[in-house]
Protein chains: 4
Amino acid sequence: MELTGYGLTINDIERVVGGEKVSISKKAYQRLKDSRNVVLKYLDSNEHIYGLNTGVGKNKDRCIPKEKIEDFNRQLIYAHCVGIEPELSINNVRAAMLIHLNNMLKGYSGVQVAIAELLLDFLNWGVTPVVNGFGSVGEGDIGILSYIGLGLMGEGLVDYNGERFEAKEVFEKLGLKPIHFFAKDGLAVISSNAVSFSRLALLIPKIENLLYWFDLTCSLSLEALGGNITPLDNVVVKSKKHIGQVLSSQNFISALKGSYLLSKKTKTVQDPLSFRNATLIHGAAYDSLTYVQEQLTLELESSDDNPMVDIANQRILSTPHFETINISLAIEMLNVALSHVSNASVQRMIKLGNPDFTGLSRFLIADEHQYFGLQALQKTAATLDVEIHHSSQILSNISYPLAGEMEDRQTNLPLILQNLDGIVTKLQEVLAIELLYATQAIALRFPVNKPLGDLTGKVFQIIFDHNGTLQDHHKLYEVIARISKEIDRLCIRTLFAKQELSA
Amino acid sequence: MELTGYGLTINDIERVVGGEKVSISKKAYQRLKDSRNVVLKYLDSNEHIYGLNTGVGKNKDRCIPKEKIEDFNRQLIYAHCVGIEPELSINNVRAAMLIHLNNMLKGYSGVQVAIAELLLDFLNWGVTPVVNGFGSVGEGDIGILSYIGLGLMGEGLVDYNGERFEAKEVFEKLGLKPIHFFAKDGLAVISSNAVSFSRLALLIPKIENLLYWFDLTCSLSLEALGGNITPLDNVVVKSKKHIGQVLSSQNFISALKGSYLLSKKTKTVQDPLSFRNATLIHGAAYDSLTYVQEQLTLELESSDDNPMVDIANQRILSTPHFETINISLAIEMLNVALSHVSNASVQRMIKLGNPDFTGLSRFLIADEHQYFGLQALQKTAATLDVEIHHSSQILSNISYPLAGEMEDRQTNLPLILQNLDGIVTKLQEVLAIELLYATQAIALRFPVNKPLGDLTGKVFQIIFDHNGTLQDHHKLYEVIARISKEIDRLCIRTLFAKQELSA
Amino acid sequence: MELTGYGLTINDIERVVGGEKVSISKKAYQRLKDSRNVVLKYLDSNEHIYGLNTGVGKNKDRCIPKEKIEDFNRQLIYAHCVGIEPELSINNVRAAMLIHLNNMLKGYSGVQVAIAELLLDFLNWGVTPVVNGFGSVGEGDIGILSYIGLGLMGEGLVDYNGERFEAKEVFEKLGLKPIHFFAKDGLAVISSNAVSFSRLALLIPKIENLLYWFDLTCSLSLEALGGNITPLDNVVVKSKKHIGQVLSSQNFISALKGSYLLSKKTKTVQDPLSFRNATLIHGAAYDSLTYVQEQLTLELESSDDNPMVDIANQRILSTPHFETINISLAIEMLNVALSHVSNASVQRMIKLGNPDFTGLSRFLIADEHQYFGLQALQKTAATLDVEIHHSSQILSNISYPLAGEMEDRQTNLPLILQNLDGIVTKLQEVLAIELLYATQAIALRFPVNKPLGDLTGKVFQIIFDHNGTLQDHHKLYEVIARISKEIDRLCIRTLFAKQELSA
Amino acid sequence: MELTGYGLTINDIERVVGGEKVSISKKAYQRLKDSRNVVLKYLDSNEHIYGLNTGVGKNKDRCIPKEKIEDFNRQLIYAHCVGIEPELSINNVRAAMLIHLNNMLKGYSGVQVAIAELLLDFLNWGVTPVVNGFGSVGEGDIGILSYIGLGLMGEGLVDYNGERFEAKEVFEKLGLKPIHFFAKDGLAVISSNAVSFSRLALLIPKIENLLYWFDLTCSLSLEALGGNITPLDNVVVKSKKHIGQVLSSQNFISALKGSYLLSKKTKTVQDPLSFRNATLIHGAAYDSLTYVQEQLTLELESSDDNPMVDIANQRILSTPHFETINISLAIEMLNVALSHVSNASVQRMIKLGNPDFTGLSRFLIADEHQYFGLQALQKTAATLDVEIHHSSQILSNISYPLAGEMEDRQTNLPLILQNLDGIVTKLQEVLAIELLYATQAIALRFPVNKPLGDLTGKVFQIIFDHNGTLQDHHKLYEVIARISKEIDRLCIRTLFAKQELSA
């Protein structure tokens, strides 16, 4: 894959994280050099350039004489290694190096070319600095990216082939040369949001998958309920204009193709909102995800350098480009949207356990020799949902003036992403529980032939094959764990794609 | 203004609220009739149609015989008059009637034509039902719109020419005929989000104005600080891709035209983030507002009826159209964005009161005979900001299963709007305080000639003319109140527009 | 009532607010003088005493020469008039003056004696400064109490006999002499939490009443449900050790004396938690209220002066006494506790509308000619509950460094109290709705003789007499308003007291 | 240690967790038997007793015939194994078994005696069931305690001597007999809050230690600042009445014994609130912790059984005893209090890095060859503080009606405890950073002799010995990690106790 500084997609990121090799385009290479030359030109200027010949933060008023610049840059890396545990995943660091490298290629950073080349080597040879991931306030991941800086200097720990080494050892082994950070290099390496952006980039496909799973699972729940499919009617769908809702509706229709619901004569007059409004709820989550993706794309196409090099005019300019408010607001909206998805799922389970709505046994007890069914599992689901709710509360507007009041705001983007990450994990567990409820209800409703949709039927069968109809001697946590594994194993997007092909 | 069911804009709504007369287009009129005919056709059907020949909520299982339908519809209105105080403003009710009427014209509602006609009369003759505004959970403003239903029946209180009457009196006076609600009418009147949508529609222009004000005020603060305008450099602005940030940057440039800052030789190396990142912070608020507007437009073009009439196929269909999750999420994002705007403003005041950043006197004390300056006002601003912060916390995902578990989710849209409304009020007070700080700092920095931008200069002068340089014998609350009035009085958009014209 | 500086109770405050005259004890008077003498002694010292011969906040480094002290103090009052609207109630200002005066009597303030005397006159002659109430961050209500300072100077507006005058006019009329603020006076007048403490003091009895009302109403709901009273059994109550729960249980038993529930043979096996756990939920609210009261008592017995005069050692000492963290935490706990009370009430209504739990008609529909009953009212209750939930979110730990970073924390106590105030109002409306549900259920359960408890029966009858059994032609908001008035009118504590007497 | 059912202290719990053997007192043993006899008596009664001869939750309406009771109880355990990962720590499970066993000894549970005996064996022989810890809503840890039930049946996994085995193996090895759950046993085993209470019990001593550490560290920071100790003056301390504040003040005085601050002539007029108000802030945390402890003590002395056996009257009674609102509210208050402690600590660091307040170098840069000092570390601290803030938000009032609407409220106590646990971890990291700031400031302020307090001096030396004066080549995360280890290693309570002895 050739990197140009622009057009990097989430799919690209996934591929490089997965091992694909990268190179730098010729044009981008030229920009790297041109940009560096501007920096070097300013070495002898007496204009004060932030972080080039001045200190950083409140220390911007301090001059760095030319002969001290190398020392200054090395200290800068050390003094910013303030991130604490937990460590970032290897994938996260790889994606961060890719995004950061690609950003440098826009020609705004002015780093020495060797830094870009070494990042390239790190990616291509599988060398990944070990990075403590906690400690960024979201205005540049400076206390985190410093660990990558350390790695570029051949210091600290790195992962290589899945094992952990002193960077020095690996450099020797592979013949890599440590960087001697010089003018503006240190700041250019640490002043970026690449860690946060990469964490988000890796989460987005998971969230999209999860939403497809919810469409499918809710379709199965609708079959389990014997619900009303009128809200999926084309005329109904088209008289509401939200894009996500249209996508979700299509998924429902796709999943239910062949289902008995389509030809069911006596319809319920109306279903509970958690069923009836599901395409709008999931739709809002799709829309929020799209908004997040758009913001990420804008960020990946933007510079996040400060100061930035203006090659055309040979200037170095102070910028606000590390500011992450747009993407932070977007993710917080997504977090809330996902908490609605979770909550509606919990409400559907409750209905599936209620004979008033299903006509089936209470809590889907298998037979008269059983006494409990899935009642207790509601508590697990409710706890997950409260945790998700908690993770959806707003953090972006809690802020302290730091760095001598210079840095007087923050977005807490890394904490918001940590919440999103937690939500994704918990949401999959909620999903597994709804899937269990729906499967059990179907098993009870249709003891013999199961007139399900092609797609819902396929998923039902996979789940059902594990446990059959659940009796009270099943330990439910084992069942949930198995279902969660199936969710990981099955490629939901492919299932839907095949279904659409066959349509 | 001719209503067609589609294309209703916020500007249209403002005009009608302001007194412009409306009519119904021919096509729309036809749709009203066609839609009604479908409803009447079902009167003798034995298909169960929600709210037509069945009860509502959990009572959907109850049949309403034809001869009871009128009684049922009248009771429906009474039994849904559950909104409590505070009352909605006249403007809000007028806007709600307009939106609701326009929505009926899409032909999905199936109300009797006389209802649309009477709403038209209400709008054109200035008859406005008195509505208790508190009590909707955001899935249809059913407990609120019922008061408009009451008004249509010629009952309850109405405002007429700014006075309050028994509806009956005004009906007699104007020769209006009370509606006899019949098949589906009651439900069609109360099952809509028109109150919430109208409240939002009326707030949007205010918020936009406020954001323009913040651009201007922050520009003035930048002059007061003697700050660095590099972040407004065209190359910098273009290397970041957010739309709102570009708009905000243009406003800054527009406001600062002619300012000494443009030709200032020695620049500060970097300014605090509350200054440097202001265009991105305001930009994020513009972007959030745009997202909200898009959602509102989608809603105004959509049906929010349930059930809805499908004229083409002569059907009545169950829908989830009253669901407001999309717009609720969008507004919650906006609320958070506005809280960032507020917070950055408070941080700027703090800097303007700090000699380290301004070189001026501490807290902008006027002279050596004064001891306090604007110090205490920081507390007022901080309290406003905390209140705004509180109003930006998430409410949309707090929910209870109601109506016999049928309505098992809610978005709390009306409470979210109440928060937005509060934020707008408080934010204007924060703005007034920043304006005061900036004005005082300018007065101290440039005792004689004030080399300000054309636009910033104009606003400075207006504020300054009221108080001159503030001494400690001024009672600050009076000053703030005067500034707030000026903010209301001046049409900021026109100021900017003129400036652009002159450019 | 003679004020001594100590032992002031909530009941005392209520009495003085209600018009009772106050005087100052001899001992306290002596302390006032002794304390003032210490202040005057320091006038010629060259020790720096905060706010006496130095500026305030960050301006603590500035010296105030003796001849400027009067000017300094006058400016201090003006420059701190930064509170904005809404205004405080007359009662709140009167209570604040009382608490503040009483605190001065401890001898820590060192104000000139005339200030205490004039506050006394204000209280006794019904002169109440008009005070803008918004703008304190909870570390001393300095921007609010300044208005009382203004009043003491004979400036600004005052309320006198329910009318609003220029202070000057009233001073002339009554022969009052304006204070010339001198050494430390200004600071002593504004640096206190008297406004917040008084607001709380006035709310506490209302909350206690409300909790008694919930005990009674829940007892009635239990009769309406035909619930199980085993949780009120003496053995059960005693095997749990919380004090509030014991009080609540006693109230239930008291309210239900004579009820059919006591002799009911077939008991429900268990009731929903909102019924069964009610004494523990209400009990936790009582316990939280007790904790709040204890904190308030500690505060009323403490000094909140800074600096404070140490008469014994003739010193003036810097203190943290304006810090309100303890009471803020306590009130936030109470706010959460009250939100539990609200939520359980809403859940009980839902059960009372559900035939599965009551055996009565759905939503307590009066007869077969009615279609709605109290269904829609659930939405009003749910909205109130969400608002209460929102008001119970934590605000105390949102903070900004102000006053040149000197004041680098805040508790937002005034906003927390504003939330508490809102909760109390909303909670009464929730209560009214539960009372309506319970009354209607009783009316349906026992069409003829109503075998209720003595106390529950009495309250039932009062409510029932207004409306009889509710039909769907009742406008429910009118019913709720009437009930809310009855709640205000009836002295619940007296009802319980009588009942206990009769027992 | 002999267990009696009453008087179990946190210290007792720590000792048993640490390996101390337990026995059952004679009286308690008798109560176990008497209580069991009441249960067995009811076996042939036709009274419906919840969970004895009826189903649970909504299934309370279902009869369990005598011959099915054993089967019912076994299924109950299986069907409640719904807790998911993460697993509880061994210590937590041991403490839970102890608390649960002790509670059974009160005679309210009615379990078969063999259950108590086997729990005793588990404790004494070091057999600890493996328990999935996530999934309780705080109204009885039923989905969690079920795993202990499984262990008692000789099923599932257990930890034995630090290794994991199938329970069966360990039972065989040790000659333990699996329990055959019979009448009421299952419910008595799972319906308790023992897991939550034990988690809290194990956290309380850690929190108390941490608060002592903050007293000491803040004392050191005060020395680093050269601050004003007047707020510790006896007269000042006594004129405020909060108990925690008095304790904290004593600790400060104790820690500073011998310090130069005590005899420093020129005092700062006032210090920033984060210093000046520290004893009140820490004091509020002590007070909140005391309140939590009181609630825990009340709970440990109470029954949490439902239904409970009344031996005296030979009855089995329905109770609300599993309700945890009191303790949940208390912990939420503590969480907020700790977030204040954290925030004030961060504010103090900021001051220690600011020459205006210290007269030292900016960000405590070691010498003119260094450029950064501790600036970047502020971001780590700020991020920790925001995370703590997030963990202090209210969760107790988010609730869903579960179990067929029977369980219509929840407190989320386990999630609140999870938050508390996270706060404790993060708070220690904040503490370590303040300690680093204070140590560096002292090192710079007193290059040669360090005239510190006895206790502050001792701690300073330990920290200083690790790193000396920090230069910019130190990797700060390593320094923080070392300090955090020292915090763990040193017994702070003993340090203070020795100091007091020596006084």
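Residues numbered from 1 in each chain as written. Chains lettered and ligands numbered in written order. Predicted model: local features only at pLDDT ≥ 70, side-chain atom pairs only at ≥ 80, totals over all residues. Heavy atoms only, no water.

Draft legend 1. Representation of the interface of chain A and chain B. On the chain B side, the residues contacting the 82 residues of chain A number 81 residues. Counting the surface lost from both chain A and chain B, the interface buries some 7200 Å², and carbon and sulfur atoms represent 59% of this. The largest per-residue losses of area from chain A upon contact with chain B belong to Val269, Gln270 and His340 of chain A, which jointly make up 9% of the total buried on that side. Inspection of the chain A/chain B interface yields eight salt bridges. (Contact = heavy atoms within 4.5 Å. Buried area = accessible area lost by both parts, 1.4 Å probe. Salt bridge = Lys/Arg side-chain N within 4 Å of Asp/Glu carboxyl O.)

Draft legend 2. Spatial organisation of the side chain of serine 239 of chain C. Locating serine 239 of chain C in the fold gives a position in the loop between α10 (234-238) and α11 (243-256). Here valine 236 of chain C takes part through its backbone oxygen, which lies 2.8 Å from a polar atom of the side chain of serine 239 of chain C. Those residues in contact with serine 239 of chain C that lie beyond four places of it in its chain are Tyr108, Ser302, Ser303, Met308 and His321 of chain D. (Helix = DSSP H or I, 4+ residues; strand = E, 2+ residues; numbered from the N terminus. Polar contact = N/O pair within 3.5 Å; in protein donor to acceptor, adjacent residues only side chain to side chain.)

Draft legend 3. Representation of the relation of the copies chain A and chain B in the model. For the pair chain A and chain B, the superposition axis carries a translation of 0.0 Å, the fit reaches an RMSD of 0.0 Å, and the rotation angle comes to 180°. In short, the pair behaves as if placed about a two-fold rotation axis. When C-alpha positions in chain A are compared against the rotation axis, the closest is assigned to methionine 333 of chain A, at 3.0 Å. (Least-squares fit on C-alpha atoms with pLDDT ≥ 70 in both.)

Draft legend 4. Up close: the relation of the copies chain C and chain A. Between the two copies, chain C and chain A, the superposition gives an RMSD of 0.0 Å; the rotation angle is 180° and the shift along the axis is 0.0 Å. An overlap of 100% is found between the interface residues of chain C and their copies at the interface of chain A, pointing to a shared contact surface.

Draft legend 5. Structural detail: helix α4 (residues 90-104) of chain B. If you check α4 of chain B, its first and last C-alpha atoms are 21 Å apart, about what 15 residues at 1.5 Å a residue would give, namely 21 Å. Among the 15 residues of α4 of chain B, 13 are classified as buried, and the element is accordingly described as predominantly covered. (Expected span 1.5 Å × (residues − 1). Buried < 20%, exposed > 50% of the residue type's maximum accessible area, 1.4 Å probe, protein only.)

Draft legend 6. Structural detail: the side chain of glutamine 347 of chain C. As for its placement among the helices and strands, glutamine 347 of chain C is situated in helix α14 (residues 325-352). In this view, glutamine 347 of chain C contacts Tyr400 of chain B, Ser274 of chain C together with Pro401 and Asp408 of chain D; residues no more than four positions away in its chain are not counted.

Draft legend 7. Region of interest: the pattern of salt bridges. Scanning all chains against the criterion turns up 80 salt bridges over all chains. Note that aspartate 185 of chain B is salt-bridged to arginine 36 of chain B, the shortest N-O span being 2.9 Å. Of this pair, aspartate 185 of chain B sits in helix α8 (residues 185-190) while arginine 36 of chain B sits in helix α2 (residues 26-41), and the two are 149 residues apart along the sequence. With a shortest N-O distance of 3.2 Å, arginine 74 of chain B and aspartate 71 of chain B are connected by a salt bridge. Taken as a pair, arginine 74 of chain B and aspartate 71 of chain B lie in helix α3 (residues 69-79) at a separation of three residues, close to a single helical turn. The network of salt bridges with shared partners includes Asp12, Arg15 and Glu20 of chain A.

Draft legend 8. Seen up close, helix α7 (residues 167-174) of chain A. All names here are of chain A. Taken together, the buried positions of α7 are Ala167, Val170 and Phe171. In an axial view of α7, the angular spread of the buried residues amounts to 105°, which keeps them on one side of the axis. Opposite the buried face of α7, at more than 90 degrees from it, the exposed residues are Lys168, Glu172 and Lys173. Its buried side turned inward, α7 meets α5 (113-125), β4 (127-129), α6 (142-152), β6 (157-160) and β7 (163-166). Among the residues trailing α7, glycine 175 stands out with phi positive, at a value near 70°. (Arc of directions from axis to C-beta.)

Draft legend 9. Quick look at the interface of chain C and chain A. Opposite the five residues of chain C that make contact, chain A presents five residues. Taken together, the two surfaces of chain C and chain A that pack against each other cover about 330 Å², and 38% of this comes from carbon and sulfur. Counting the contacts that link chain C with chain A gives zero salt bridges. Where chain C touches chain A, the interface holds zero residue pairs in polar contact (both at pLDDT 80 or more).

Draft legend 10. Main features of the sheet that holds strand β7 (residues 163-166) of chain D. All names here are of chain D. Taken in spatial order, the three strands make up an open sheet running β4-β6-β7, and their pairing is antiparallel. Both outer strands of the open sheet, β4 (127-129) and β7, are each paired with one neighbouring strand and no more. Between one strand axis and the next, the sheet turns through 35° on average, direction left out of account. Examined bridge by bridge, strand β6 (residues 157-160) and β7 share four bridges and lie antiparallel to one another. Each residue of the ladder has a partner; that of tyrosine 160, found in β7, is glutamate 163. (Pairing = 2+ DSSP bridges. Axes fitted to C-alpha atoms, helices over the stretch in contact; angles between N-to-C directions.)

Draft legend 11. Region of interest: the domain arrangement of chain A. All names here are of chain A. Under the domain assignment used here, chain A contains domain 1 (2-192) and domain 2 (199-305 + 321-502). Distance between the C-alpha centres of domain 1 and domain 2: 39 Å. Overall, the association of domain 1 and domain 2 removes approximately 2300 Å² of surface from exposure, summing both partners, and the carbon and sulfur fraction of that is 57%. Linking domain 1 with domain 2 are one salt bridge. (Domains from an automatic or database assignment.)

Draft legend 12. Region of interest: the environment of glutamine 370 of chain A. Residue and element names in this part refer to chain A. Within the element layout of this structure, glutamine 370 appears in the loop between α15 (355-358) and α16 (377-391). Residue classification places glutamine 370 among the buried residues on the basis of a relative accessible area of 7%. Along the primary structure glutamine 370 and aspartate 287 are separated by 83 residues, whereas in three dimensions their C-alpha atoms are 43 Å apart. Of note is the side chain of glutamine 370, whose polar atom sits 2.6 Å from the backbone nitrogen of aspartate 472.

Draft legend 13. Here's a closer look at the sheet that holds β7 of chain A. Residue and element names in this part refer to chain A. Spatial strand order, β4-β6-β7: three strands in an open sheet with antiparallel pairing. Each end of this open sheet is capped by a strand with a single partner; those strands are β4 and β7. Averaged over all pairs of adjacent strands, the angle between their axes in this sheet comes to 35°, without regard to strand direction. Bridge count between β4 and β6: three bridges; the pairing is antiparallel.

Draft legend 14. Inspection of unusual backbone geometry at higher detail. With omega at 10°, the peptide bond leading from glutamate 85 of chain B into proline 86 of chain B counts as cis. Mapped onto the elements, proline 86 of chain B comes out in strand β3 (residues 84-87). The omega angle of the peptide bond from asparagine 306 of chain C to proline 307 of chain C is -10°, so this bond is cis rather than trans. By secondary structure assignment, the location of proline 307 of chain C is in the loop between α13 (278-301) and β8 (308-310). A positive phi angle is found at glutamine 314 of chain A, which is not glycine, with a value near 55°. Locating glutamine 314 of chain A in the fold gives a position in the loop between β8 (308-310) and β9 (315-317). With a phi close to 60°, asparagine 412 of chain C is a non-glycine residue in the positive phi region.

Draft legend 15. Just the packing of aromatic side chains, in detail. On inspection of all chains with the given rule, the structure shows 42 aromatic pairs over all chains. Here the aromatic residues Phe72 of chain A together with Tyr371 and Phe372 of chain D are joined through ring pairs into a cluster of three or more. (Phe/Tyr/Trp six-rings, centres within 6.5 Å; stacked < 30°, edge-to-face > 60°.)

Draft legend 16. Representation of the environment of leucine 8 of chain A. Residues and elements named next belong to chain A. When you line up the elements, leucine 8 lands in the loop between β1 (2-3) and α1 (10-17). Judged by relative accessible area, leucine 8 falls into the buried class, the value being 9%. Excluding anything up to four places from it in sequence, leucine 8 contacts Leu3, Ile13, Leu98, Ile99, Asn102, Leu300 and Glu301.

Draft legend 17. Quick peek at the packing of α4 of chain B against helix α5 (residues 113-125) of chain B. Residues and elements named next belong to chain B. Between α4 and α5, the least distance of the axes is 10 Å, while the angle of their chain directions is 150°. The angle between α4 and α5 places the two elements in the roughly antiparallel class. In terms of crossing hand, the pair formed by α4 and α5 is left-handed. Each of Arg94, Met97, Leu98, Leu101 and Met104 in α4 lies in contact with α5, whose residues at this interface are Ile115, Ala116, Leu119, Leu120, Phe122 and Leu123. Looking at the contact of α4 with α5 residue by residue, the class counts come to ten nonpolar, no polar and one charged. (Parallel < 35°, antiparallel > 145°, perpendicular 65-115°, else oblique. Left-handed = near helix turned anticlockwise from the far one by under 90°. Nonpolar A, V, L, I, M, F, W, Y, C, P; charged D, E, K, R; others polar.)

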